[in-house]
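Spelled out, the chains give:
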Amino acid sequence: MSRSDTARSQQDEPADPEEPVVTKETPIPWKQVLPLVAMRLAEPINLTLILPFMYRMIEDFDIADSPKDISHYSSILYMSFSISQTLTIMHWGRLSDRIGRRPVLIAGLIGILAVSVLFGFTKTFAMAVVVRMATGVFAGNGAVMKSAMAEIADDTNRSRMMALLPLTWNVGSMVGSGIGGVFSNPAEQFPGLFGNFKLFIYFPYLLPCLMGSTVAAYGLAVGLFNFKETLILKPTQPTHEEAASEQPAAAGGSTEVSPLLAQPTVASVAPAKQSSMRSLLTPLIIRVMVTNAIMCFAYNMCDQLYPIFAATNPRDGGLGLDPRSIGLSLGIEGIVVVYLQLVVYPRWERKYGVLYCYRRGLSFAIPYLVCMPFLSIVAAHLQTSASTLSMSYEYIGMWVILMSLMTMRITSNVMSYTSINLMITNMAPSRADLGFMNGTQQLAMSVMRIFAPAISGILWSWSIKHSLPFPFNSHFVWMLSALLVSIVLWQSFSIPESVNKFAADQPKPIVSSEEPDE
């Protein structure tokens, strides 16, 4: 055995078989990662900026018979995005496997830029639904970006790099909610600045939409000029000189300029063949995707419900917050997200594994879901007492409790969604299947985003219209979500530890058709 082989074996194999190998993490290639993050910001910001003013916007449309029916229409508006995204996301994933990640990402950003501006000019509920559906068509970039990030990463930095995408999503969601809450109806909120602008008086929700489209324009510019393709589509043939220089080594000899070990280059490696759909959908992958779908359903029911719950009168089981307060309650979580995603999660994942982090995230969600509806009791007390001043102890106490629960919510989201993204990526048998695997996962999540808002809105409206005992009162949707998350947590213990490793980079057995020389 040569000295290089001996050194390699000593590095790869620990002296003690039970002692884990400590591998130095590869530096993150920021020149590729930062443009990807900039492009990723556009979707969550433009998706969530409508949440703080959605209740007020539907009131302005004058389509609901009573305030208790607003949740019906908000559910339709919210799920219209997911319907169109579900119908198109698999096509974006497969298209990116054929033509590359970059052109698909650029096309999606162009579409988001256009429809974001258009949404600010909507004056009817029907037009708002159509524009939101158009937004969903161009919002299939999430799965493509996961594939691109996985192609840039390796085993040593994959958890940290993959964590950047949900971090970007969560930060973008917080920023989008803040933009929607603070800058909606600017003529009323900032009369000194925008009181004389007739455009913002007639279109009170245009300003936040313009700000969201600016983020999309920035991501588009960065993607066009700084992001390079990550998918190798066609192998390039070696030149005559390169082929001639490889002949001595191929014949068993070596020269002073030829390497002792053959080093495969990108030019000489053919792209991996995509696996069939039937071979990819193994029982384990189906089990993981089913638990992911149930988790996504439960999370989305309450994510969609929260802005409606926060805006509903406390007498009906809500908090009675205005759009600015709703936006701030959603946006202030961004500080926690950065620390969780960049510091806590990578350490936990490297120490305990993806599956452990997934279970911890689910366990954080249950107390948040159970406790949140009880906060309406505090809000109702503030409404009926003299403690309605913004600086009263009761009011401050309600906000402390609210932000504690929202911190638990974002912790569960970060841990759960980051882990499920890594698990799906780890189970892809080859890099050529990443687009399909991530697209299938995104499809399952999009389907849940269709049904979750609809069911959540119907159940919330039903529960506050009828004087039923606990848990069928205003607590019903929250308790149902907590039950579903508990089922997912229980099912997660049947998932094997093999999901902690990236399967595409694991050594495959080499089957040779040639007989050995005698």
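Residues numbered from 1 in each chain as written. Predicted model: local features only at pLDDT ≥ 70, side-chain atom pairs only at ≥ 80, totals over all residues. Heavy atoms only, no water.

Side note on the overall build of the chain
Step number 1: Of regular secondary structure, the chain possesses 23 helices and zero strands.
Step number 2: Here the contacts in the chain between residues at least 6 apart in sequence split such that 82% fall between residues at least 24 apart.
Step number 3: For the chain, the accessible surface area stands at approximately 24600 Å², while carbon and sulfur atoms represent 64% of it. (Helix = DSSP H or I, 4+ residues; strand = E, 2+ residues; numbered from the N terminus. Contact = heavy atoms within 4.5 Å. Areas by Shrake-Rupley, 256 points an atom, 1.4 Å probe, with all protein chains shown as cover.)

Some thoughts on helix α5 (residues 70-99)
Step number 1: The first and last C-alpha atoms of α5 sit 43 Å apart over 30 residues, in line with the 44 Å expected at 1.5 Å per residue.
Step number 2: Within α5, the axis deviates most sharply at Thr-88, by approximately 40 degrees.
Step number 3: After α5 finishes, the residue Gly-100 shows a positive phi value of roughly 110 degrees. (Expected span 1.5 Å × (residues − 1). Bend = angle between axes of the 7 residues up to and from the residue.)

Here we look at the pattern of salt bridges
Step number 1: Following the criterion strictly, the structure yields seven salt bridges and no others.
Step number 2: For Arg-40, the salt bridge is made with Glu-43, and the minimal N-O distance between the two is 3.0 Å.
Step number 3: For Glu-59, the salt bridge identified is with Arg-56, shortest N-O distance 3.9 Å. Here Arg-56 and Glu-59 lie together in helix α4 (residues 51-61), a separation of three residues that amounts to about one turn.
Step number 4: Here the salt bridges do not stand alone but share partners, grouping Arg-94, Asp-97, Arg-101 and Glu-151 into one network. (Salt bridge = Lys/Arg side-chain N within 4 Å of Asp/Glu carboxyl O.)

Observations concerning the environment of Ser-492
Step number 1: With respect to the helices and strands, the residue Ser-492 is situated in the segment after α23 (476-491).
Step number 2: Expressed as a C-alpha distance, the spacing of Ser-492 and Leu-362, which sit 130 residues apart in the sequence, is 9.5 Å.
Step number 3: Non-local contacts of Ser-492, meaning those with residues more than four positions away in its chain, are made with Leu-355, Tyr-358 and Arg-359.

With respect to unusual backbone geometry
Step number 1: The omega angle of the peptide bond from Phe-470 to Pro-471 is 10 degrees, so this bond is cis rather than trans.
Step number 2: Counting through the fold element by element, Pro-471 comes out in the loop between α22 (434-465) and α23.
Step number 3: Its identity is not glycine, yet Asp-62 carries a phi of approximately 55 degrees, on the positive side.
Step number 4: Mapped onto the secondary structure, Asp-62 falls in the loop between α4 and α5.
Step number 5: Despite not being glycine, Asn-185 has its phi angle at roughly 50 degrees, a positive value.
Step number 6: Among the structural elements, Asn-185 can be located in the loop between α9 (158-183) and α10 (186-189).

Focus on the packing of α5 against helix α7 (residues 125-137)
Step number 1: Between α5 and α7, the least distance of the axes is 7 Å, while the angle of their chain directions is 30 degrees. Taken together, the axis directions place α5 and α7 in an arrangement best described as roughly parallel. In this structure, α5 meets α7 at a crossing whose hand is right-handed. Seen from α5, the contacting residues are Tyr-73, Ile-76, Leu-77, Ser-80, Phe-81, Ile-83, Ser-84, Gln-85, Thr-88 and Trp-92; seen from α7, they are Phe-125, Ala-128, Val-129, Arg-132, Met-133, Thr-135, Gly-136 and Val-137.
Step number 2: When its residues are assigned to classes, the contact of α5 with α7 shows 11 nonpolar, six polar and one charged. (Axes fitted to C-alpha atoms, helices over the stretch in contact; angles between N-to-C directions. Parallel < 35°, antiparallel > 145°, perpendicular 65-115°, else oblique. Left-handed = near helix turned anticlockwise from the far one by under 90°. Nonpolar A, V, L, I, M, F, W, Y, C, P; charged D, E, K, R; others polar.)

With respect to a nonpolar patch on the surface
Step number 1: Together, Leu-118, Phe-121, Met-127 and Leu-199 give the surface a local cluster of nonpolar side chains, amounting to about 310 Å² of exposed area.
Step number 2: Relative to the assigned elements, Met-127 resides in helix α7. (Patch = residues over 30% accessible without salt bridge, like charges linked within 9 Å, V, L, I, M, F, W, Y side chains within 5 Å.)

Some points on the nonpolar core
Step number 1: Among the nonpolar cores identified, the biggest contains 122 residues, and Leu-36, Tyr-306, Leu-321, Met-372, Leu-402 and Trp-478 are the most heavily contacted of them.
Step number 2: Looking at which element gives the most residues to this core, the answer is helix α16 (residues 283-311), with 17 residues.
Step number 3: If we ignore the near neighbours within four places in the chain, the residues touching Trp-478 are Cys-302, Leu-305, Phe-309, Tyr-368, Leu-369, Met-372, Pro-373 and Trp-460.
Step number 4: Within the second largest apolar cluster, five residues are counted, among which are Phe-200, Phe-203, Leu-206 and Leu-207. (Core = buried A, V, L, I, M, F, W, Y, C linked by side-chain atoms within 4.5 Å. Buried < 20%, exposed > 50% of the residue type's maximum accessible area, 1.4 Å probe, protein only.)

As for the packing of helix α2 (residues 30-40) against helix α13 (residues 206-226)
Two quantities define a packed helix pair, namely the angle between the axes and the distance from one axis to the other.
Step number 1: Two elements in contact, α2 and α13, have axes whose closest approach is 8 Å; the angle formed by their N-to-C orientations is 150 degrees. The angle between α2 and α13 falls in the class roughly antiparallel. At the point where α2 passes α13, the crossing takes the left-handed sense. Facing α2, whose interface residues are Lys-31, Gln-32, Pro-35, Ala-38 and Met-39, α13 presents Tyr-218, Gly-219, Val-222, Gly-223 and Asn-226.
Step number 2: Its residues assigned to classes, the contact of α2 with α13 comprises five nonpolar, four polar and one charged.

Quick word on the packing of aromatic side chains
Centre-to-centre distance and the angle between the planes together describe a pair of aromatic rings.
Step number 1: This structure, assessed with the given rule, holds 21 aromatic pairs.
Step number 2: For the pair Tyr-202 and Phe-203, a centre-to-centre distance of 4.8 Å together with 85 degrees between the ring planes defines the contact as edge-to-face.
Step number 3: Residue classification places Phe-203 among the buried positions, given a relative accessible area of 15%.
Step number 4: Pairing Phe-309 with Trp-478 gives two aromatic rings, centres 5.3 Å apart and planes at 70 degrees, and the pair type is edge-to-face. In this pair, Phe-309 is assigned in helix α16 and Trp-478 in helix α23, connecting sequence segments 169 residues apart.
Step number 5: An aromatic cluster of three or more residues is present, and its members are Phe-183, Phe-190, Phe-194, Phe-197 and Phe-200.
Step number 6: Geometry around Tyr-202 places Lys-123 over its ring, the cationic atom sitting 4.4 Å from the centre. (Phe/Tyr/Trp six-rings, centres within 6.5 Å; stacked < 30°, edge-to-face > 60°. Lys NZ or Arg CZ within 6 Å of the ring centre and 35° of its normal.)

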